[in-house]
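# Observations on the three-dimensional arrangement
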Amino acid sequence: SSDLSKEHSLLKTLVFVSPRASAHLFRMHPYLLHIHERPLTLVKFNHDGDFFLTCAKDGEVNLMRTDPCERVGTYQPAGGEKAGAVFAVDVTMDSRYVAVAYSDGKLIFYSFEGEQLQVLNHGGVLKYVEWNQKPGAQNMIVTCNDKFKSQADGSVPNRIMVWQFEPRKKLLSIDDQLPMKATKVKWGAFDETLVSIFEEGTVAVWDAHDGHQIQLIQAHQAPVTGINFSEDRLLMITASKDMTAKLWAMDEFECVKEYKADRPLNDAAISPLYCAEKDAKLHVLLGGGQDAKDVTTTSNASGKFEALLWHMVYEEEIGTVKGHFGPMNTLAWFRDGKGFVTGGEDGYVRVHHFDKDYFTTKKFE
């Protein structure tokens with residue numbers, strides 16, 4: 001009977017401890033969204049932050065509402081033909097137009113509500129698209145494509161291009177000066193420059209008007225995989241397979257900080273709160289993991305697929321957030337900096353909201 005009473009008291013303590021213990025152990029539940037069948041290529045918030053777009057190699061482009069975390073709809077080409085992979089998507093600041101880059105060389109413009117507006121037969125394998133950054137005057141997009149030979153278009157070289165949206169016309173094409181294929185290209189500050197990244201570890205800065213090369217930076221020792229900017233585009237962060245991310249000041253194109261991780265990185269982003277008036281968060285988010293082809297030999301723990309939170313100034317790791325079952329391909333901060341969204345090789349999108357601790361605890365300052 002003494003054993004029974006012991007067991008009974010133990011049960012009582014277990015029941016008593018459990019809710020608090022579980023609250024302590026399992027905080028920051030992410031939303032797990034299985035909205036794609038193939039690896040994610042990009043997640044992108046609209047300017048207000050109430051919606052985000054996801055695209056993947058299965059040809060789907062999803063519009064998600066941020067708050068209840070639900071799918072609003074998908075963007076599909078008219079005619080119902082299944083598109084190939086989608087490498088990039090972008091939305092204007094006023095959330096009126098969406099541009100989608102398909103791997104078969106088509107660039108399709110949709111209204112935000114999902115109606116197809118126009119198709120641009122771009123040619124090549126489209127890798128990236130971005131609207132220019134001037135509020136109220138977003139009438140240009142920059143694209144980059146890999147070379148491709150086809151019956152219809154003939155031979156299309158590697159190139160970076162700038163197009164005008166309405167009326168549609170080609171404004172710039174950089175192909176001869178391009179040292180190799182660009183994997184991503186974005187607008188620099190004030191739409192005066194274009195910044196592109198390459199698999200040779202370089203970052204090139206081009207004049208957005210006449211296309212001449214302003215600067216070629218040997219940024220990394222391995223392919224540059226990700227590039228993101230601060231809101232004013234004067235700070236840039238690059239991620240690379242060489243296991244480092246670097247912070248660049250874009251006025252002099254100099255590297256100001258380096259974050260040495262323990263895994264190949266696929267993306268990096270600067271917290272929107274880094275310049276907040278009150279309670280600034282000088283944080284950067286890094287993500288990546290072992291290459292997809294090596295993953296079968298390792299368990300989830302050693303594949304290093306977590307999201308990493310680093311201090312922007314002190315170059316120290318603050319913490320990690322458990323994540324995907326494969327490498328993380330893309331990540332984005334909420335526009336208010338209160339969480340982040342990641343997309344992985346496993347086809348999942350994970351939406352993380354930070355706990356109160358993130359804003360109140362000393363160690364996250």
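Keep in mind it's a predicted model, so treat the numbers as computed, not measured.

Thresholds, definitions, all that
Residues numbered from 1 in each chain as written. Predicted model: local features only at pLDDT ≥ 70, side-chain atom pairs only at ≥ 80, totals over all residues. Heavy atoms only, no water. Helix = DSSP H or I, 4+ residues; strand = E, 2+ residues; numbered from the N terminus. Rg over C-alpha atoms; globule rule 2.2 N^0.38 Å. Buried < 20%, exposed > 50% of the residue type's maximum accessible area, 1.4 Å probe, protein only. Contact = heavy atoms within 4.5 Å. Areas by Shrake-Rupley, 256 points an atom, 1.4 Å probe, with all protein chains shown as cover. Lys, Arg positive; Asp, Glu negative; His and termini not counted. Charge placed at Lys NZ, Arg CZ, Asp CG, Glu CD. Core = buried A, V, L, I, M, F, W, Y, C linked by side-chain atoms within 4.5 Å. Pairing = 2+ DSSP bridges. Axes fitted to C-alpha atoms, helices over the stretch in contact; angles between N-to-C directions. Polar contact = N/O pair within 3.5 Å; in protein donor to acceptor, adjacent residues only side chain to side chain.

### Focus: the overall build of the protein chain
- Across its full length, the protein chain holds 2 helices and 30 strands.
- Rg of the C-alpha trace for the protein chain: 22 Å, near the compact-globule value of 21 Å for 365 residues, within the 12% margin.
- Across its three principal axes, the protein chain shows a C-alpha extent of roughly 90 × 50 × 45 Å.
- Counting the 365 residues in the protein chain, one finds 53% classified as buried.
- The contacts of the protein chain with a sequence gap of at least 6 include a subset with a gap of at least 24, amounting to 43%.
- With the model as given, the accessible surface of the protein chain reaches about 17500 Å², and the carbon-plus-sulfur share is 52%.
- One way to put it: in the protein chain the 40 positive side-chain charges average out to a point 4 Å from where the 50 negative ones average out.

### Quick word on the nonpolar core
- Ile160 and Leu194 are the most contacted members of the largest nonpolar core, which totals 48 residues.
- Considering each element in turn, this core owes the most residues, 6 residues, to strand S7 (residues 97-102).
- If sequence neighbours within four positions are ignored, Ile160 has contacts with Val142, Thr143, Cys144, Leu172, Ser173, Ile174, Leu178, Ala182, Val185, Leu194, Ser196 and Trp206.

### Some points on the sheet that holds strand S25 (residues 283-288)
- Sheet architecture is open: 4 strands sit in the order S24-S25-S26-S27, paired in antiparallel fashion. Each end of this open sheet is capped by a strand with a single partner; those strands are strand S24 (265-270) and strand S27 (317-321). Adjacent strand axes in the sheet meet at a mean angle of 20 degrees when their direction is disregarded.

### Examining the side chain of Asn46
- The residue Asn46 is located in the loop between strand S2 (40-45) and strand S3 (51-56) in this model.
- Take Asn46: its relative accessible area is 2%, and that puts it in the buried class.
- Within the structure, Asn46 has its side chain in polar contact with the side chain of Asp50 (distance 2.8 Å).
- Once you skip the residues sitting within four places of it in the chain, Asn46 turns out to touch Phe51, Val91, Ser95 and Arg335.

### Structural notes on the sheet that holds strand S6 (residues 86-91)
- Taken in spatial order, the 4 strands line up as S6-S7-S8-S9 in an open sheet, and their pairing is antiparallel. The sheet terminates laterally at S6 and strand S9 (116-121), the two strands that pair on one side only. Here the strands of the sheet are splayed against their neighbours by 15 degrees on average, with no regard to which way each runs.
- Where S7 lies against strand S8 (residues 106-111), 5 bridges are found, and the strand directions are antiparallel. Bridge assignment links Val98 to a residue of S8, and that residue is Tyr110.

### Focus on the environment of Tyr102
- By the element assignment, Tyr102 lies in strand S7.
- Residue Tyr102 is classed as buried on the basis of its relative accessible area of 1%.
- Taking the C-alpha atoms as reference points, Tyr102 and Gly84, separated by 18 residues in sequence, lie 6.4 Å from one another.

### Some thoughts on the pairing of strand S30 (residues 349-353)
- In terms of burial, S30 is largely enclosed, as 4 of its 5 residues are buried.
- As paired elements, strand S1 (residues 31-33) and S30 share 3 bridges and run antiparallel to each other. Across the sheet, residue Leu32 finds its bridge partner in S30, namely Arg350.
- The sheet contact formed by strand S29 (residues 339-344) and S30 spans 5 bridges and is antiparallel. Note that in S30 the partner of Gly343 across the bridge is Val349.
- Counting the residues that bridge the hairpin from S29 to S30 gives 4 residues, and of these Gly347 lies at a positive phi of roughly 85 degrees.

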